[in-house]
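What the coordinates show
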Amino acid sequence: MDFETIFADILPIPADEGPNPMSPIAYPAEYTQAMDYFRACARAGETSQRVLDLTAAIIELNPAHYTVWKVRQECLVALSSDLRIELEYATAVGMEHHKNYQVWHHREIVVTLIGLDTQVIANEKKYINNQFEIDCKNYHAWSYRQWLVRKFNAWDQELDDINKLLVQDCRNNSAWNHRYFYFTNRPEGFSKEDLEEEIQFCLQHVRKTPNNESPWNYLKGIVKKPEVTPELLDSLVQDVKNLIKENEFVVHGAAFLLDILESNIAKEVDDTKKEEVSMEAKKLCNELIKFDIIRIKFWNYRLSLLK
Amino acid sequence: MLFPRTEDTRYFKFGLSLLPHYLTEYDTSRMAMAFYAISGIDICGATATAISERNRTDWVNWIYAQQVVPSWNMESDETPKDVSCAVFGFRGSTSSGRPHNPHQTCSESWHHDTSHIAMTYTALTMLVILGDDLSRVNREAIVSALKCCQTEAGSFIASADGTESDMRFLFAACAISYILNDFRGINKALAIKYITESKTYESAFAQGPGEESHGGSTYCAIAALSLLGRLDVVEPYRISLIEWLLKRQQEDGGFAGRPGKVSDTCYSFWVGASLEILGGFQYVDSAANRKFLETTISERGGFSKHADATPDPLHSYMGLAGLSIAQEPGLQPLYPPLNITLRALNHLKNGTKWWR
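Residues numbered from 1 in each chain as written. Chains lettered and ligands numbered in written order. Predicted model: local features only at pLDDT ≥ 70, side-chain atom pairs only at ≥ 80, totals over all residues. Heavy atoms only, no water.

1. Considerations on the packing of helix H9 (residues 215–227) of chain B against helix H11 (residues 267–278) of chain B
Residue and element names in this part refer to chain B. Our working definition: In this analysis an axis means a line fitted to C-alpha atoms, helices contributing only their contacting stretch, and an angle means the value between N-to-C directions, from 0 to 180 degrees. Numbering of helices and strands starts at the N terminus; helices are DSSP runs of H or I of at least 4 residues and strands are runs of E of at least 2. Helix crossings fall into two classes, left-handed where the near helix is turned counterclockwise from the far one by less than a right angle and right-handed where it is turned clockwise. Should any heavy atoms of two residues lie within 4.5 Å, those residues are considered in contact. Here the term charged refers only to Asp, Glu, Lys and Arg, the term nonpolar to Ala, Val, Leu, Ile, Met, Phe, Trp, Tyr, Cys and Pro, and the term polar to all other amino acids, Gly among them.
Contact geometry of H9 with H11 gives a least axis separation of 9 Å together with a crossing angle of 35°. Remark: the crossing between H9 and H11 carries left-handed chirality. Residues Gly215, Gly216, Thr218, Tyr219, Ile222, Ala223 and Ser226 of H9 lie in contact with H11, whose contacting residues are Tyr267, Phe269, Trp270, Val271, Ala273, Ser274, Ile277 and Leu278. The residue makeup of the contact of H9 with H11, split by class, is ten nonpolar, five polar and no charged.

2. As for the side chain of Asp161 of chain A
All names here are of chain A. For clarity, the threshold we go by: Only protein chains enter the accessibility calculation, which uses a 1.4 Å probe; a residue whose area is less than 20% of its type maximum is buried, one above 50% is exposed, and one in between is partly exposed. Two N or O atoms form a polar contact when they lie within 3.5 Å of each other; inside protein one atom must be a possible hydrogen donor and the other a possible acceptor, and for residues adjacent in sequence the pair counts only when both atoms belong to side chains.
Along the chain, Asp161 turns up in helix H9 (residues 158–168). Overall, the relative accessible area of 7% leaves Asp161 in the buried class. Among the polar contacts listed, one links the side chain of Asp161 to the side chain of Arg145, at a separation of 2.7 Å. Not counting the four nearest positions on each side in its chain, Asp161 is found in contact with Asn129 and Arg145.

3. A short note on the interface of chain B and chain A
A common way to report how large an interface is uses the accessible area buried once the components associate. Keep this limit in mind: By definition, the buried area sums, over both parts, the 1.4 Å-probe accessible area that each loses when the two are put together. Take a side-chain nitrogen of Lys or Arg and a carboxyl oxygen of Asp or Glu: if they are within 4 Å of each other, that pair is a salt bridge.
Taken together, the contact between chain B and chain A spans 75 residues of the former and 64 residues of the latter. Between chain B and chain A lies a buried interface of about 6,000 Å² when both sides are counted; carbon and sulfur atoms form 53% of it. Between chain B and chain A we count five salt bridges in total. Between Glu17 of chain A and Arg30 of chain B there is a salt bridge, with its nearest N and O atoms 2.8 Å apart. Grouping the constituent residues of the side of chain B that touches chain A by class yields 26 nonpolar, 28 polar and 21 charged.

4. Here we look at the nonpolar core
A general tendency of soluble globular proteins is for nonpolar side chains to be buried together. All names here are of chain B. The line we're drawing: Residues grouped as a nonpolar core are buried Ala, Val, Leu, Ile, Met, Phe, Trp, Tyr and Cys residues, joined through side-chain atoms within 4.5 Å.
Membership of the largest hydrophobic core comes to 211 residues, with the highest contact counts inside it found for Ile63, Leu134, Val137 and Leu338. With eleven residues, helix H7 (residues 167–179) is the largest single contributor of residues to this core. The residues touching Val137, leaving out its near neighbours within four places in the chain, are Tyr64, Gln67, Phe90, Leu124, Leu127, Ile142, Leu180 and Trp354.

5. Thoughts on the packing of helix H1 (residues 6–17) of chain B against helix H13 (residues 313–325) of chain B
Residues and elements named next belong to chain B. In the contact formed by H1 and H13, the axes pass within 11 Å of each other and the chain directions differ by 145°. Of the two elements, H1 crosses H13, and the hand of that crossing is left-handed. The segment H1 lies against H13, with Asp8, Tyr11 and Phe12 engaging Pro313, Ser316, Tyr317 and Leu320. Here the contact of H1 with H13 is built from residues that sort into five nonpolar, one polar and one charged.

Taken by themselves, the reported measurements are silent on function.
This is how it looks when you write it as C-alpha cells:
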C-alpha cells in the first residue's frame, strides 16, 4: 500500500517513546509507517475505504491490535460493506491466528451486525468445525460456539458434532463440557430419560477408558440434578463398584464414590449405618493413598475428615 | 538448579531494553510484557541491584506517560457530555501517538486513545514494585472507568474501544480496586454473581457461564474473590475445587490447565496460586513440580511453556512465580491474589497514597 500517495493529505503521528521506554519492540519499518498514518486517521475519526484498507495492512503485521479492529468495524458500518464478505476476510485471518482474541471478537461483532441468518449460522458452525480440525480443544472456538448457539437458538447439530468429536478423542474435555452446556441450556432441557441415557453414556465411556477424567467429572455433575432418584444413584454406585473390581483400581471412580459416601454420612441419622458407611469411605481413602501417589497428602487429608 | 539465577535477571533486563520484531503483536500489551520482567526481577530479589536509579525513575515516568487523563478536574467539575469514562486508566503502550508527558494531569481527549484494564493492572503493580507512591494516579478517573467497563452480566470489558469480557478482566478490575483501596468502581454483588455463574459442573471456574473449567480462569475467579474478601462463596464446594486443582498435576510433575491437556509451565502458577489461596497447596507434590520446571528452564535464562521450546517473557515469569508459591529457597515470597511479592505488597500498604 502506497501510504505516502494515498494519505498525502494526512500528517502522520509518530509514537513518542520518551527518553527511556520499557520493552520497546523492534517494529518492522512497514508497521511503523502504517501505524503513523493509522494514529492520525484514528484520532481524526476517519472512516473510509482507504482506512479500511489500512487496517487490513496493519492486521497483516499485528492481528492483535484491538483499536485497529475497532476502527475497521466502524469503517464497515460507515461504508455499509458486505458483511458476509467481511466474514471471509475474518476467516482468512482466523485460519492463520487460531487463538487470537481480537479475530474471534470481530467475528462476534460482524455476525451480530448481520443478525439472524440461517446460512450465516451454518457457515459459522462450519468455520468452528474447521478450527476444531486444527485444535479440537481451542477454548476461543468453543466459547464462540456457545455464544452463537445461545444467541440464535441454534441447537440443531450440536449433539451430532459433539458425538463426532468424542469418537475422535474421548478425552476431549471441551466436547464433554459442551455436552453439559447443550443439555442444560437447550429449550427442552434435561429430562429424567435424558439423564438415564447420559448416565449410561458415561458408563460406556468409563468402562472403555476408566482413567479418563472427563466422563467422571460429567457424571459428578449430572448426579447432582434433582431428577436423579435415589434408585438411579444406587444403581450407578453399584455399576461403579463393579467397574473398580474389574480393573485393578480406578482412581476417578473411587473419588466419585468417596464423594457420594461422604454426602450419605452427612445425611445418615442411624449411628450404626453411619459407622458402616464411614468404614467403607475410609477404605476407599486408603486405596486412593496407595494408588494415587502424587496426591497422597490430599487423600490423607480426606481420611482425616472421616475420623 | 539453584535460585536466584543471574541468567534470569539478565533475561528480564534484556526484554525490558528490547523485544524482537516477531513480538510486534504484543504492541498493545507492552505494559504486561514489562510487568513479567519487573515482577520477575522482584521475585529474584534483584529489584534494588538490577534496576539502576536512572532506569527506576525513567520507567516510573514512562508508565505515568501511558496514563489516560481526563480533560476536566474530576474532583471539582461536572462530567462534560458525550465523554466515555471507560477510556481512563493506563495504555498498553505508546501506540495512540500521545506526546510523552509523565506529569500530565489534564488533557483533551483523543478519539481511540484508550486504556486497557489489564494494562492498568500491570502499570499499577509495576509502580508499586518500583517503589512509587501512586501520587500521580488519577484514582477518581480509574474508578469511573471501571464502572463503565462492567457488563450487565457482572464481568468486565477491557477497553472503551470494545473488547471481549471475561474472568480475566474481572480479576484485573478487582486487583486495580485493591491497589487503589477503592471498590466503588465495582458492583460487588454483580461481580460475585458472574463468578458463581461461571462455576462449572467440574467445581472449578470457566471464563464465563457455561464455558469450560480452566486453570487460568479459576485463578482469576479465586483471586478476585480473595481481593473482594468473599472467599466464603466457595466454602460449600471448596474440597471439590481443591480436588480439581490437584488433579491438574500430571505424572511428569507439571500442571495442565484442563483435564486431558499436557503440562505447561505457567499452570504451576495459575493452579499453584489458586491452591495456595484456598489452603490446598500443602497437598501438592512440590518436588515433582520442581522436577518438571527443571525441564522447561533455559540455561540462558527464562522458562518456556514445554521442554525444548524457546523461553518467552510470560512463561519465564510464571516459572519463577510457580516456584515462589512452592516456597523455593532463594526466591521472594508472593502475595498470590495480586501476583506481586510480599515485599511489594508491604510497600503498597505502607508507602502508597491510599493505603498508608
